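Observations on chain architecture
Here is how the chains run, residue by residue.
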Amino acid sequence: MPVDLSEVLVIGVSSRSLFNLEEENEIFEKEGIVGYRQYQLEHENDLLEPGTAFHLVQRLLHLNESAKKRIVEVVVMSRNSPETGVRVMNSVKAHQLDITRMAFSGGEPLSPYIDGFDIDLFLSKDIKDVQYVIDSKECAAAYIYAPPHSFNSTDNRVKIAFDADAVLFSEESEHRYKTEGMDAFHKYEAEHEDDPLKEGPFAKLLIKLSKIQEELPTRIELSPLRIAIVTARNAPSHMRVIKTLRKWGVYVDEAYFLGGISKDKILKAFGAHIFFDDQDAHLKEASLHVPSARVPYTSDSVLNLPIDKLKVDKTTPKAKTKKD
C-alpha cells in the first residue's frame with residue numbers, strides 16, 4: 001500500500017536552503033562539477049552549518065513528538081548526485097533531523113519531482129525551480145533569502161508569518177491598489193468585506209497548517225504551531241481578511257495590520273522562523289532579522305509589469321489590489 005500523505009504537511013527543502021552551502025556553490029561556479037565533486041568528497045565528514053530554513057524544519061519536525069500522529073514530513077531535495085550528496089546525508093544525521101526522504105537529481109531540475117513527493121511547500125535558492133512550481137500551481141513555493149545576521153531561535157514553538165495579498169490571497173487587491181490608489185482600495189475592500197478574498201498561492205498551505213494544529217494536544221490558543229499575518233493592510237480593509245479566514249475555517253493566532261509601518265521589527269518581535277512575502281522591498285529588511293522567503297508572481301501575472309503599464313480591465317468586475 002502506498003503511503004497516504006493527504007493529512008501530513010510535506011515540506012520539500014533544497015539542500016542549500018537547509019544548510020549553508022554558499023562556499024560550496026561558489027566552488028561549483030568557479031571550478032565546475034569536477035572541482036565541486038572533489039571538494040565534497042574531501043569534506044563529506046565535515047558538518048554543514050544551518051541554512052535559512054534549518055530552524056523552521058527543525059521546529060516543524062519536533063511537532064511530531066507531541067502530535068497524536070505523524071503530521072510533518074520533510075524531503076531534502078538536491079541537485080547533487082547521490083555521491084556528492086553524502087555530506088548532506090551525514091549532516092542531516094549529525095543534526096538529528098528526523099528526515100528519511102531525500103531526492104538527489106544529479107544536476108537535473110528538482111521541480112518536476114514535486115508532485116511525486118506530494119509536496120505542500122517547496123523552499124529553494126534556485127529561482128528557476130521556484131518559478132516553475134509557482135507557475136504550475138502544484139503547491140506553495142518560495143525563494144529563500146540569505147540567513148539573518150543574528151537570529152536567535154530560543155522558542156520551542158514554530159512560528160510562521162505570512163503577508164496577505166498575493167501570498168495568502170490572490171493578487172487582485174494588490175493590482176487595484178497599484179492602479180487606482182489607496183482610497184479606491186480601501187473603499188472597495190470596505191464595501192466588499194463580506195465577500196471572501198480569492199485564494200492565493202499559499203492559501204492551501206495555510207489551510208493545511210490550520211488542520212495540523214488540530215492534531216496537537218494543547219488548545220489552539222496554546223498550540224506549539226503559531227501562525228501570524230503581517231500585512232500593510234489597515235482599517236477599513238482589515239475586516240475582509242478576518243472574514244475570509246472564517247469562511248476558510250482557518251484559525252490565525254496573530255494578525256498585524258500595519259498601514260505602511262515597516263514589517264521587520266514586528267517580525268523580529270514575533271520571532272518568525274519564516275516570513276513569506278511577495279515584495280523584495282519588505283523582505284530586504286525583514287531578512288536581516290528573521291528567515292525570509294519571496295513568493296514570486298506567476299510568469300503571466302500583470303504585477304510583473306512596470307507600474308505605468310498596469311491596467312484595470314473595465315469590462316470585468318474591478319480587480320482588488322494591495323499594498324502589502
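Presented here is a report on the structure given in the accompanying data block.

Analysis parameters
Residues numbered from 1 in each chain as written. Predicted model: local features only at pLDDT ≥ 70, side-chain atom pairs only at ≥ 80, totals over all residues. Heavy atoms only, no water. Helix = DSSP H or I, 4+ residues; strand = E, 2+ residues; numbered from the N terminus. Rg over C-alpha atoms; globule rule 2.2 N^0.38 Å. Buried < 20%, exposed > 50% of the residue type's maximum accessible area, 1.4 Å probe, protein only. Contact = heavy atoms within 4.5 Å. Areas by Shrake-Rupley, 256 points an atom, 1.4 Å probe, with all protein chains shown as cover. Lys, Arg positive; Asp, Glu negative; His and termini not counted. Charge placed at Lys NZ, Arg CZ, Asp CG, Glu CD. 1 Å grid on protein atoms, 1.4 Å probe; cavity = no way out; pocket = protein on both sides within 12 Å on 5 of 7 lines; lining within 4 Å. Points joined across faces, edges and corners; volume = space filled by probe spheres on them. Nonpolar A, V, L, I, M, F, W, Y, C, P; charged D, E, K, R; others polar. Polar contact = N/O pair within 3.5 Å; in protein donor to acceptor, adjacent residues only side chain to side chain. Patch = residues over 30% accessible without salt bridge, like charges linked within 9 Å, V, L, I, M, F, W, Y side chains within 5 Å. Salt bridge = Lys/Arg side-chain N within 4 Å of Asp/Glu carboxyl O. Pairing = 2+ DSSP bridges. Right-handed = clockwise from strand over helix to strand, strands pointing away.

Re the overall build of the protein
Secondary structure assignment for the protein yields eleven helices and ten strands. Whereas a compact globule of 324 residues would reach a radius of gyration of roughly 20 Å, the protein reaches 20 Å, a difference of no more than 12%. Projected onto the principal axes, the alpha-carbon positions of the protein cover approximately 65 × 45 × 45 Å. Burial status across the protein gives 52% buried among its 324 residues. Summarising the internal contacts of the protein: among those between residues at least 6 apart in sequence, 77% fall at separations of at least 24. About 15200 Å² of surface is accessible on the protein, with carbon and sulfur atoms providing 51% of the total. For the protein, the separation between the mean place of its 42 positive charges and that of its 52 negative charges on side chains is 5 Å.

Some points on the layout of surface pockets
Its boundaries defined by the atoms lining it, the largest pocket holds a volume of some 690 Å³. In this structure, the largest pocket is lined by 30 residues; those nearest its centre are Ile134, Lys137, Glu199, Gly200 and Pro201. Mapped by element, the contributors of at least two residues to the lining of the largest pocket are helix 5 (127-136), helix 6 (172-180) and helix 8 (203-213). At three residues, helix 8 tops the list of elements feeding residues into the lining of the largest pocket. Looking at the lining of the largest pocket residue by residue, the class counts come to 14 nonpolar, five polar and eleven charged. The calculated volume of the second largest pocket comes to roughly 560 Å³. The leading source of residues in the lining of the second largest pocket is helix 2 (residues 22-42), at seven residues.

Remarks on the side chain of Thr84
Within the fold, Thr84 resides in the loop between strand 2 (72-78) and helix 4 (86-94). Overall, the relative accessible area of 4% leaves Thr84 in the buried class. Only 3.0 Å separates the side chain of Thr84 from the side chain of Asn80, close enough to count as a polar contact. Polar side-chain contacts of Thr84 include one of 3.1 Å to the backbone nitrogen of Ser81. When near neighbours in sequence (up to four residues on either side) are disregarded, Thr84 contacts Tyr36, Arg37 and Gln40.

Here we look at a negative patch on the surface
Side chains of Asp4, Asp115, Asp118 and Glu138 sit close together on the surface and give a patch of like negative charge. The residue Asp115 is located in the loop between strand 3 (101-104) and strand 4 (121-124) in this model.

A look at the pairing of strand 3
When strand 2 meets strand 3, the two strands line up parallel, connected through four bridges. Bridge pairing links Val75 to Arg101 in strand 3. In this region the chain leaves strand 2, passes through helix 4 and returns to the parallel neighbour strand 3; the handedness of that crossover is right-handed.

Description of the environment of Ile207
Topologically, Ile207 is positioned in helix 8. For the pair Ile207 and Trp248, spaced 41 residues apart in sequence, the C-alpha to C-alpha distance is 7.4 Å. Setting aside anything within four residues of it in sequence, one finds Ile207 in contact with Glu199, Trp248 and Val250.

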